[in-house]
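This is what each chain is made of:
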Amino acid sequence: MNFLARWTVDFSYYLRANKPYQNIKTFFKNLLDNNNYPYKRYFDMMMIALIFTSVFILIGEVKNDVHEGWKLFNDYVVSLIFLIEYLLRLWTYSDNSELVIESYEKSLYLERPFSFFRILRKLIRVKLKYITSIAAIIDLLAIMPFFHQLRLLRIFILFRVFKLFRYTKSLQHFAKVLAVKKFEFVTLFVFASIIVFISSVLIYIMEANNPNSSINTLFDAFYWSIVTIFTVGYGDITPATDAGRAVAILIIISGIGVISFTTSIIVSAFTEKLDEIKESQHIADVSKIKKFYLVCGYDEVSVSVVQKLIQRGNKVVILDSSSEKIKRAQSEGFTALNLDPAERATYHKINIDLKRQVKAVLCLRQDDVANVYTALSIRSMNSEIKLLSILMSINNKKKLEAAGVNEIVYTQEVVGMVAKELSGKAVAFEAIHALRSEHLGIHLEELVFDERMSEKFTMVKEFNLNKFRIILMGIYKKERERFFFNPLGESIVDEGDILVIMGDKSLIKEFTLYLHTKKAHL
Amino acid sequence: MRPKYAIIFGYNEYAKQITAHLESEYDKVISYILPHTYNRLKEEEKKDRFEFDLSDNWDEIGAQYNEDEIIIYCALDDDAENIFLTISLREVFKTSFIITLGQNSESEDKLLLAGASKVIPILQTTANIITEILEKPVITQLLHDILFEQSDLKIAQITIKKDAHIDKKKLNDIAWQEHYGVIVIAVVDKELSTSFLFTSKGYNHALDAGDILVVVGYDKDIDALELEVGESYETYWRNWGR
């Protein structure tokens, strides 16, 4: 291996091992291309603002004197920012060090010499692929005003408007949708080009030598054909001979075809892609929710559970592989995605951090097999997340436990217990039921005794419970995992304890505020 | 009078769980099963289990039981069948307590109209439990332990006896928590027996004999309180308007 090749390989390994370099590259890659990266939004907004500033300065220059400072800003500052962006995109487009290492290791494996020039060609080819892409060409043209002070070339500023495609998602969707119909557009373009070519030549032959005709050059003929085929028809140039009018008839009829064909292609492209666009929008929305419950399966129980969780101010995301059920959930106004909750790929697709974003996963399908499968998929990705599942048949309880479900709700057993309670102590049961349903304005709430509270209060008697008409049912000591019922005045309260309190909803709020601020509000 | 027998209609998982939970509460738990399920039972499984059909003549079943001695559970699979069953049973057992399972709130209304004394809406009950487990885990565990007596804590209803020393006293004047070790969560006034007066609403209710106290506390404390102020027998559901 010659010196250059050795140096290239050594340097590539150095870059791969260099954490700050990798971090910086990842940061810029995310900033430029990762739609889920939180700071990309701000970067995009800044670039959009620069584009509009540029265009406004260009418009202002046409008939007014623009301040020299603005001109300099437009020519140098904006262009320089765009140039830096262009170079960053070129840098992050491919990972050269990885390509070198991959090629080197392949050479070692195949026992053939590692050629510096071969890898150089490969690297240049990869970068050229980016440079010749439409987006990169637009970027480059948008920088052009920086190099040219010629007035005509200032029109290149308008290329900056095309850059908006990079920063606005809806424009990206629009371009993607149209890209699907590439074949149809090419066919249409070829058809229109042939018609324009034939009609331009024909009208030129028919009219060019006629002194009454305004068509004197081939460009006049081409201009007239374009204006006529796209049904604009300014009327500044009109055929003077019968033969010329015959050509006009031909091109007008073709023009109707071209317009209707174009419209139908665009409409059908949108119709076909509409669901996909909506779905991708929903996915993007979900990945931005900070904390939510993930409901797997939209069956009867799910409807009631989701409603209750939302009523309590929670965010809920529903996943179900049945598009019909998802449509129903969406029509109810819930956030729902038509994805299989049992597939790991689903979670990669929706790009959520289970640990950080999901409060708990609820397996609510009316099918134990599906719930076990979903629970296992989730557990294989995260061992800590809270998993709750309903159980349809008692025989499958152990399987759900084995799949790592923390809370199992067996409806039949719950009903059995409720039935027993109803038969014995109906009044007491009704009282508890009224408390649970919160219909009578009295709530039973859990209040975490946090650090701020523990700095001000140490004993129950300091809480001033009578003032807020709060009943302290008990204190749950997390560390000891024990519930202390009816704690009297001298009982000590520690940070992290959970107070179980009963009282009027608004007074509970006042009481919580009091514990936080120690200012009586009554 | 507290019922001696529990009669359960249906033989699905719900009915089996109800039976399992009621066996310790009543002298006998009797099941009535639809023919297609009943015929699949082995002979030894037929003890206290009888066949019935929705089109039966209900007078025959009515003649077998004293309506004050029974509590009835309707646990058929289908809401429509449960409604039909409840109407038929109510015709025969005018005063019996009939508890019926319903899928949701909509069927709950229909079942109440059909004559059910109490409806257990399956979906809502399950949804409530799930939401509570997620949102209020400590309270869920506490209520579960209290309601289903899985700890020393329990909930009880105590009817104030005549001439009890708390008769005519104001609710808030009694140191329930310090003196008796119990928490009074609600009171049912004997004159307004259809709604709760929650103590934390702040009403300083004047207690009368016949009022029902709903209290939470340890077994021994509740027993002591009951002995001191309560009537000899636990208040039964019939005193409680629906």
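1. Some thoughts on the environment of B:Lys110
All names here are of chain B.
Argument step 1. Take Lys110: it is sitting in helix H5 (residues 105-113).
Argument step 2. When the 17 C-beta atoms within 10 Å are taken as the criterion, Lys110 is described as partly exposed.
Argument step 3. Residues Lys110 and Asp79, 31 residues apart in the sequence, show an inter-C-alpha distance of 9.3 Å.

2. Re the environment of A:Lys456
All names here are of chain A.
Argument step 1. Examined against the element boundaries, Lys456 turns out to sit in helix H22 (residues 451-456).
Argument step 2. Classification of Lys456 as exposed rests on a count of 12 C-beta atoms within 10 Å.
Argument step 3. On a C-alpha basis, the gap between Lys456 and Thr517 in space is 8.9 Å, while along the polypeptide they are 61 residues apart.

3. Here we look at the packing of helix H4 (residues 68-93) of chain A against helix H7 (residues 134-143) of chain A
All names here are of chain A.
Argument step 1. Running from N to C, H4 and H7 cross one another at 150 degrees; their axes reach a closest spacing of 9 Å. Classified by the interaxial angle, the pair formed by H4 and H7 is roughly antiparallel. As for how H4 packs across H7, the hand of that crossing is left-handed. Only Asp139, Leu140, Ala142 and Ile143 of H7 make contact with H4, whose side of the interface consists of Ser79, Phe82, Leu83 and Tyr86.
Argument step 2. In the contact of H4 with H7, the residues fall into six nonpolar, one polar and one charged.

4. What to know about unusual backbone geometry
Residue and element names in this part refer to chain A.
Argument step 1. The residue Asn351 is not glycine, and still its phi comes out positive at about 55 degrees.
Argument step 2. Tracing the sequence through the fold places Asn351 in the loop between helix H16 (344-350) and helix H17 (354-357).
Argument step 3. The backbone of Arg469 shows a phi angle near 50 degrees, a positive value even though the residue is not glycine.
Argument step 4. Following the sequence through the fold, Arg469 ends up in the loop between H22 and strand E8 (471-477).

5. Topic: the sheet that holds strand E9 (residues 482-485) of chain A
All names here are of chain A.
Argument step 1. As summarised here, the arrangement of the four strands in space is E7-E10-E8-E9, forming an open sheet in which the pairing is antiparallel. Looking at the sheet topology across the chains shown, the edges are occupied by strand E7 (442-448) and E9. When strand polarity is set aside, the average angle formed by the axes of neighbouring strands in this sheet is 25 degrees.
Argument step 2. As judged from the four bridges shared by E8 and E9, these two strands associate in the antiparallel manner. Across the sheet, Lys477 pairs through a bridge with Arg482, a residue of E9.
Argument step 3. Strand contacts of helix H23 (residues 505-517): E7 and strand E10 (498-504), with the helix running at about 135 degrees to E10, the strand carrying the most contacts.

6. Details of the pairing of strand E6 (residues 118-121) of chain B
Residue and element names in this part refer to chain B.
Argument step 1. Side-chain alternation along E6 places Lys118 and Ile120 on one buried face and Val119 and Pro121 on a second face that is also buried.
Argument step 2. Direction of pairing for strand E5 (residues 97-102) relative to E6: parallel, over a ladder of four bridges. What sits directly across from Gly102, in E6, is Pro121.
Argument step 3. Between E5 and its parallel partner E6, the chain crosses via H5, and the hand of that crossover is right-handed.

7. A look at the sheet that holds strand E8 (residues 183-188) of chain B
All names here are of chain B.
Argument step 1. The strand order E7-E10-E8-E9 describes an open sheet built from four strands, whose pairing is antiparallel. In the strand order of this sheet, the two ends are held by strand E7 (153-159) and strand E9 (197-198), each with one partner.
Argument step 2. Where E7 meets strand E10 (residues 212-218), seven bridges bridge the pair, whose relative direction is antiparallel. For Ile155, the partnering residue across the bridge sits in E10 and is Val216.
Argument step 3. Helix H7 (residues 137-147) rests against E7 and E10 of the sheet, and its axis sits at about 55 degrees to E7.
Argument step 4. Helix H9 (residues 219-229) contacts E7 and E10 of the sheet and is inclined by roughly 145 degrees relative to E10.

8. Points about the interface of chain B and chain A
Argument step 1. The interface is formed by 57 residues belonging to chain B together with 55 residues belonging to chain A.
Argument step 2. Broken down by element, the residue count for the side of chain B that touches chain A peaks at 13 residues, all from helix H6 (residues 122-135) of chain B.
Argument step 3. For the side of chain B that touches chain A, the class distribution of residues is 36 nonpolar, 14 polar and seven charged.

9. Here's the deal with the confidence of the model for chain A
Argument step 1. Scored by pLDDT, chain A has a mean of 86; 95% of the residues are at 70 or more.
Argument step 2. Here helix H21 (residues 426-437) of chain A is the element of chain A with the lowest mean pLDDT, 74, and strand E1 (residues 292-296) of chain A is the one with the highest, 95.

10. Quick word on the nonpolar core
Argument step 1. A:Val295, A:Leu362, B:Tyr73, B:Ala75, B:Val214 and B:Val215 are the most contacted members of the largest nonpolar core, which has 141 residues in total.
Argument step 2. It is H6(B) that provides the largest number of residues to this core, a total of seven residues.
Argument step 3. Those residues in contact with A:Leu362, other than ones at most four positions away along the chain, are A:Tyr293, A:Leu294, A:Val295, A:Cys296, A:Val305, A:Leu388 and B:Ile130.
Argument step 4. One finds A:Ala192, A:Ile215, A:Trp224 and A:Ile237 within the second-largest nonpolar core, a separate group that totals 12 residues.

11. Points about H7(B)
Argument step 1. For H7(B), the full list of buried residues reads B:Ile139, B:Thr140, B:Leu142, B:Leu143, B:Ile146 and B:Leu147. All buried residues of H7(B) fall inside an arc of 165 degrees around its axis, so they share one side.

12. Some remarks on helix H12 (residues 218-229) of chain A
Residue and element names in this part refer to chain A.
Argument step 1. For H12, with 12 residues, the first-to-last C-alpha span of 16 Å sits near the 16 Å given by 1.5 Å per residue.
Argument step 2. Of the residues making up H12, those classed as buried are Ala221, Trp224, Ser225, Thr228 and Ile229. One side of H12 holds all its buried residues, which, seen down the axis, span an arc of 115 degrees.
Argument step 3. Its buried side turned inward, H12 meets helix H11 (182-207) and helix H13 (242-288).
Argument step 4. Phi turns positive, to about 55 degrees, at Thr231, one or two residues after H12.

The rules we used
- Residues numbered from 1 in each chain as written.
- Chains lettered and ligands numbered in written order.
- Predicted model: local features only at pLDDT ≥ 70, side-chain atom pairs only at ≥ 80, totals over all residues.
- Helix = DSSP H or I, 4+ residues; strand = E, 2+ residues; numbered from the N terminus.
- Buried ≥ 20, exposed ≤ 12 C-beta atoms within 10 Å, placed from the backbone.
- Axes fitted to C-alpha atoms, helices over the stretch in contact; angles between N-to-C directions.
- Parallel < 35°, antiparallel > 145°, perpendicular 65-115°, else oblique.
- Left-handed = near helix turned anticlockwise from the far one by under 90°.
- Contact = placed C-beta atoms within 7 Å.
- Nonpolar A, V, L, I, M, F, W, Y, C, P; charged D, E, K, R; others polar.
- Pairing = 2+ DSSP bridges.
- Right-handed = clockwise from strand over helix to strand, strands pointing away.
- pLDDT = per-residue confidence, 0-100.
- Core = buried A, V, L, I, M, F, W, Y, C linked by C-beta atoms within 7 Å.
- Arc of directions from axis to C-beta.
- Expected span 1.5 Å × (residues − 1).

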